[in-house]
Amino acid sequence: MATAGQTSKASDVTEANEEIAKIQELTSLTLSIQKLKESLKILTRICSRVTNKDDLKNDINVHEALADVLDVLKHMLMVYPVLQSTEILLKAQNLVNLAQGCTVSGKRKDIQESIDELAIAFSIRVSEYVLGTSGEIDFEFTPSINVKKTDRQVSNTSSTSDALTTFGVPLDQHLKATGATIPHIVTKCIQEIDERGILIKGIYRVSGVKSKVEKLCQEFETYGCSVNLSDVHPNVIANVLKLYLRQLPQPLFTFQLYPELIKLAKNWPCTPTKDQSKHCIEELRSLLNKLPKCHYATVRFIMQHLKRVADQNEVNNMSPGNLGIVFGPTVLRLKDTRSCLNSLLDTVHQSRIVELVITHASVLFTNLRKASNS
């Protein structure tokens, strides 16, 4: 049995490791901010040189510089979703609108003002986060998992081309290989969070220790459904679940349904009447019914769980809106990853759809599907 001194020492080591991890994340954020700053400087410099002599060349240069800005901004908002805000997205959209369409030569001043507004909005958001004035939030990171095959998996690979793996494997392929209807990693993680993590403040938003997240990912690859989660912190489990969903080649809500779901989010009234709400919910249910069978079952299982999490938001601070921000870009994304512009501007709508599915989960998933999709 460990003595009080040993327990205290172990606790000190854990706290020290967590502090080091936070410092590393802060360093990474600082470097990302520097990249954004440099890309904005380049865009500003190009806009300052715009003339009426060569509108086409001006437009190409501005659009290329703007794409770089949006690429950096998108990456930061994905790695640190807590920095997302409606104001930042609106400022980015305004900048894009000014740079699109007709030539930019006549809008040089407006574009430069828009660049300044975006920089200020982002600076304020980062300052709020660093100073801790925007709520109790923590870094969200994307572990760079490098899963190694075990001897057992290598042996399996030699006899079959479909080695049994988890991360980065298409959902239908994984379920066919395991004989499950919902991925074991999803059911195990959710069951454990339901039991031990549903009341934890910031569950799914607060990150676990990166090394522990990567270790658990490796264990799922090695042992599959036999992984023991009883001693794993729920924040680590939550991170692993999000990472699994993020690495699905075909996102949970599928590429095919992306345009329709985003359109529905844009058209959903902020304060709908009873009839409007009923109509929108029916439309959302109809879209969900178009999901392939394996995707539908997994979506239903996860969203019903997130509804249970949201029902405890007075304790865990994870409302449907907060959960939507965390899961939106994970389960809804464009097939063309180069289209950073549309992806960035759709972030608020991605979050909105997940928020709506969570909010209305008890209604959306009560009836059996009218059609069975493969």
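Everything quoted here is computed from the prediction, not taken from an experiment.

Trainee: Describe the overall build of the protein, naming the residues involved and giving the relevant values.
Mentor: The secondary structure content of the protein amounts to 17 helices and zero strands. The proportion of buried residues among the 374 residues of the protein is 45%. Restricting to contacts in the protein with at least 6 residues of sequence separation, those with at least 24 account for 77%. Counting every atom, the protein has about 19300 Å² of accessible surface; 52% of that belongs to carbon and sulfur.

Trainee: Outline the nonpolar core, listing residues and values.
Mentor: Y204, F253 and M303 are the most contacted members of the largest nonpolar core, which has 67 residues in total. With residues near it in sequence (within four places) discarded, M303 still touches F253, V354, V357, I358, A361 and F365. In terms of nonpolar packing, the next biggest core, distinct from the first, is built from 31 residues, L77, L89, A99 and F122 among them.

Trainee: For the packing of helix α14 (residues 320-331) against helix α16 (residues 347-359), give the residues involved together with the corresponding values.
Mentor: Direction vectors running N to C along α14 and α16 enclose 120°, while the axes themselves pass 7 Å from each other. Accordingly, the angle class assigned to the pair α14 and α16 is oblique. The handedness of the crossing between α14 and α16 is right-handed. Contacts between α14 and α16 involve P320, G321, L323, G324, I325, F327, G328, P329 and V331 from the former and T347, Q350, S351, V354, E355, I358 and T359 from the latter. In the contact of α14 with α16, the residues fall into eight nonpolar, seven polar and one charged.

Trainee: Describe a positive patch on the surface, listing the residues and the values that go with them.
Mentor: Residues K37, K41, R45 and R49 make up a contiguous surface patch of positive charge. We classify K41 as partly exposed; its relative accessible area is 41%.

Here is what the cut-offs are and how they apply
The residue numbers shown here count from 1 along each chain, following its written sequence. Side-chain atom pairs in this predicted model are given and counted only at pLDDT of 80 or more, local residue features only at pLDDT of at least 70, and totals for whole chains, interfaces and linings cover all residues. In computing side-chain properties, one takes all heavy atoms of the structure into account and sets aside hydrogens as well as water. By definition, any uninterrupted DSSP run of H or I lasting at least four residues is a helix, any uninterrupted run of E lasting at least two residues is a strand, and each is numbered from the N terminus. Burial classification: accessible surface area is computed with a 1.4 Å probe over protein chains only, and a residue below 20% of its type maximum counts as buried, one above 50% as exposed, and the rest as partly exposed. Residues are treated as being in contact if the distance between any of their heavy atoms lies within 4.5 Å. To measure how exposed things are, a 1.4 Å probe is used in the Shrake-Rupley method; for residues, cover is taken only from the protein chains shown. As used here, the term nonpolar core means buried Ala, Val, Leu, Ile, Met, Phe, Trp, Tyr and Cys residues forming a set that is joined through side-chain atoms within 4.5 Å. Angles here are taken between N-to-C directions and fall from 0 to 180 degrees, while the axes themselves are lines fitted to C-alpha atoms, restricted in helices to the stretch in contact. Reported orientations rely on four angle classes, namely roughly parallel under 35 degrees, roughly antiparallel over 145, roughly perpendicular from 65 to 115, and oblique for the rest. Note: crossing handedness is left-handed where the near helix turns anticlockwise from the far helix by less than a right angle, and right-handed where it turns clockwise. Put simply, Ala, Val, Leu, Ile, Met, Phe, Trp, Tyr, Cys and Pro go in the nonpolar bin, Asp, Glu, Lys and Arg in the charged bin, and everything else, Gly too, in the polar bin. Surface patches are drawn from residues lacking salt bridges whose relative accessible area is over 30%; two like charges belong together within 9 Å, two nonpolar side chains (Val, Leu, Ile, Met, Phe, Trp, Tyr) within 5 Å. Salt-bridge detection follows one rule: a side-chain nitrogen of Lys or Arg within 4 Å of a carboxyl oxygen of Asp or Glu. Neither His nor the chain ends is counted toward charge; the positive residues are Lys and Arg and the negative residues Asp and Glu. Throughout, a charge is located at the NZ atom of Lys, the CZ atom of Arg, the CG atom of Asp or the CD atom of Glu.

Purely spatial values, then, with no claim about function.
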